[in-house]
Amino acid sequence: MARYEINGGNRLEGTVTISGAKNAAVAILPAALLVEGKCRVENVPDISDVRILLDILSDLGAQVEVEPDGVVVLDCTNIRSTHPNPELVRQMRASYYLMGALLSRFHKANVALPGGCNFASRPIDQHIKGFVALGADVEETEDYVNLTPGPYGLQGNRVSLDVVSVGATMNIIMAACLLPGQTVIENAAKEPHIVDLANFLNTMGAHISGAGTDTVKIRGVEKLVGGTYAIIPDQIEAGTYMAAVAAAGGNVLVQNVIPKHMDCITSKLQEMGARIINYDDSIRIISEGKLKHTTVKTRPYPGFPTDMQAQICVCMTVAQGISRLTESVYETRFFGYCTELASMGADILINGKTAIVSGRGDLTGADVRAHDLRAGAALVIAGLVAKGITRIDNIHFIERGYERMIEKLTSLGVDIKVIEE
Ligand code: UD1
């Protein structure tokens, strides 16, 4: 078993380079199943979720070449199965994208229900609603989803989502790509990775418009062909390093970012007292580590991301005064880390959807456990702010979404190492 051990208290100084976006990569790689020909995908993060997906694709018959510097070349021309390895599928959340991609290209899919971070009930009813609207017969068992063409065949249609869902929006985009006719998704999510997926597919020959707004239109095409595409930088990884600097203090250039994607996080950290300067593709953050209290409510993009909830909560625990943090996407998300932060001296009262955080100015090192990816990242920030030693268990959650975190933090002056026991 491996753990992170952090000796807290150092300021963060230097430059950190942000990797390709996890949530874009885990959609774009399965989307390569729609393509007959070679897709060269650049800026792919080397994280465990990506490695699992590549294993799944390879097992289905894709030719997968991993080159240095985040380049993956995929050729899904000769796929031999529409039944991805269930053990691999259950290891991650984004494996649900295999359903939409396989349905569109092969008109059938038999995919195990996804696993991944379990911080809340995470239904896929809106994905299924989309597949049904496109003409699929859906047979759901306790473990599997089996998709086949319904009596009228598969074709484009109008789908109005009941909830704004990132996953359902991307899955329906993929499913519609190769079907005849036009699909219109209403009440679509607008996250940057949705635009990235649409840009990738359009580069390969798809006809998708409106990605990034709440109405996405897909005109089906007969075939997608290969091409080259570079994934956008990871908004949440960048936000995590910014929150770390804000809380611990320091002066860091966060490079390879799209500052526009960071606006909501940037303005919150500024409100808390950090100084932030935007450049074309980088952001400098300067903080004395003395933050002010604030109010945050998570929202779908362009609102404050739920995937930054835990990290901003750590900033609140060391800020002066009482902050309020309201979760409106995944209500039970606080339980993944607030008890752990309490063991480090944080004062957090959870009242339904809202955490009331009484800032204490500091935290104390402790032995804690990551319960999911972002909760784990928040514990790392807590550890580098805290006085003394923090040991974090269950680091496989963190490695699911952060490329070379130890190396990046070490280069910023953090005293962090992996201990194998
Ligand atoms: C994605 C991200 C995750 C992020 C979340 C919200 C990936 C792999 N994961 O997850 O990191 O926290 O977006 O930004 O990209 N819902 C339904 N029915 C559905 C689908 C969703 O009720 O069929 C609800 C969910 O319970 C949640 C809300 O809709 O309350 C948003 O979920 P969604 O955007 O779909 O999240 P994911 O795509 O699973």
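Refer to the structure presented above.
Below or above, wherever it landed, is the structure these notes cover.

The rules we used
- Residues numbered from 1 in each chain as written.
- Predicted model: local features only at pLDDT ≥ 70, side-chain atom pairs only at ≥ 80, totals over all residues.
- Heavy atoms only, no water.
- Helix = DSSP H or I, 4+ residues; strand = E, 2+ residues; numbered from the N terminus.
- Buried < 20%, exposed > 50% of the residue type's maximum accessible area, 1.4 Å probe, protein only.
- Salt bridge = Lys/Arg side-chain N within 4 Å of Asp/Glu carboxyl O.
- Near = heavy atom within 4 Å.
- Polar contact = N/O pair within 3.5 Å; in protein donor to acceptor, adjacent residues only side chain to side chain.
- Areas by Shrake-Rupley, 256 points an atom, 1.4 Å probe, with all protein chains shown as cover.
- Nonpolar A, V, L, I, M, F, W, Y, C, P; charged D, E, K, R; others polar.
- Domains from an automatic or database assignment.
- Pairing = 2+ DSSP bridges.
- Right-handed = clockwise from strand over helix to strand, strands pointing away.
- Contact = heavy atoms within 4.5 Å.

Comments concerning the environment of E142
Working step 1: Looking at the element boundaries, E142 is found in the loop between β7 (136-140) and β8 (144-149).
Working step 2: In this structure E142 comes out as exposed when scored by relative accessible area, which is 77%.

Focus: the pattern of salt bridges
Opposite charge on two side chains allows them to pair when their charged atoms are near.
Working step 1: Under the counting rule described, the total for this entry stands at 23 salt bridges.
Working step 2: Linking R11 and E288 is a salt bridge whose minimum nitrogen-to-oxygen distance equals 3.5 Å. With a gap of 277 residues between them, R11 in the loop between β1 (2-7) and β2 (12-17) and E288 in the loop between β16 (282-287) and β17 (295-297) connect regions that are remote in the sequence.
Working step 3: Looking at R11, the relative accessible area reads 37%, which means it is partly exposed.
Working step 4: Judged by relative accessible area, E288 falls into the exposed class, the value being 55%.
Working step 5: Ionic pairing is found between R158 and E186, a salt bridge with its closest N-O pair at 2.4 Å. Here the residue R158 occupies a position in strand β9 (residues 158-160), and E186 occupies one in strand β10 (residues 182-186), the gap between them amounting to 28 residues.

Side note on the site of the ligand
Working step 1: Contacts to the ligand come from 21 residues, most closely from Q126, S165, V166, D307 and V329.
Working step 2: Between an oxygen atom of the ligand and a side-chain N or O atom of Y96, the distance comes to 2.8 Å.
Working step 3: At a separation of 3.4 Å, an oxygen atom of the ligand approaches a polar side-chain atom of R333.
Working step 4: Protein chains shield 88% of the accessible area of the ligand, which is 730 Å² for the free molecule.
Working step 5: Secondary structure elements with two or more residues in the shell around the ligand: α5 (125-133) and α6 (166-176).
Working step 6: Sort the elements by how many residues they give to the shell around the ligand and α5 lands first, with three residues.
Working step 7: Taken together, the residues of the shell around the ligand sort by class into nine nonpolar, seven polar and five charged.
Working step 8: The residues that make up the shell around the ligand include at least three from each of domain 1 (2-18 + 234-420) and domain 2 (22-230).

A word on unusual backbone geometry
Working step 1: Y301 connects to P302 through a cis peptide bond whose omega is 10°.
Working step 2: Looking at the element boundaries, P302 is found in the loop between β17 and α10 (309-317).
Working step 3: Positive phi, close to 60°, is recorded for N43, a residue that is not glycine.
Working step 4: Mapping N43 onto the fold places it in the loop between β3 (35-42) and α2 (48-60).
Working step 5: The exposure class assigned to N43 is partly exposed, which follows from its relative accessible area of 23%.
Working step 6: You will see that N256, though not glycine, has its phi angle at about 65°, which is positive.
Working step 7: For N256, the position within the fold is in the loop between β14 (250-255) and α9 (263-271).

Side note on the pairing of β10
Working step 1: Of the pairings in the sheet, the one linking β9 to β10 comprises three bridges and is parallel in character. In the strand pairing of β10, V159 is matched with I185.
Working step 2: The β-α-β motif built from β9, the intervening α6 and the parallel element β10 has right-handed crossover chirality.
Working step 3: One ladder, built from five bridges, connects β10 with strand β12 (residues 215-219); its direction is antiparallel. Bridging from a neighbouring strand, Q182 pairs with R219 of β12.

Digging into the side chain of N23
Working step 1: Along the chain, N23 turns up in helix α1 (residues 22-31).
Working step 2: A distance of 2.8 Å separates the side chain of N23 from the side chain of K22, its partner in a polar contact.
Working step 3: If near-sequence neighbours (up to four positions away) are discounted, N23 is found in contact with M170, H193 and D307.

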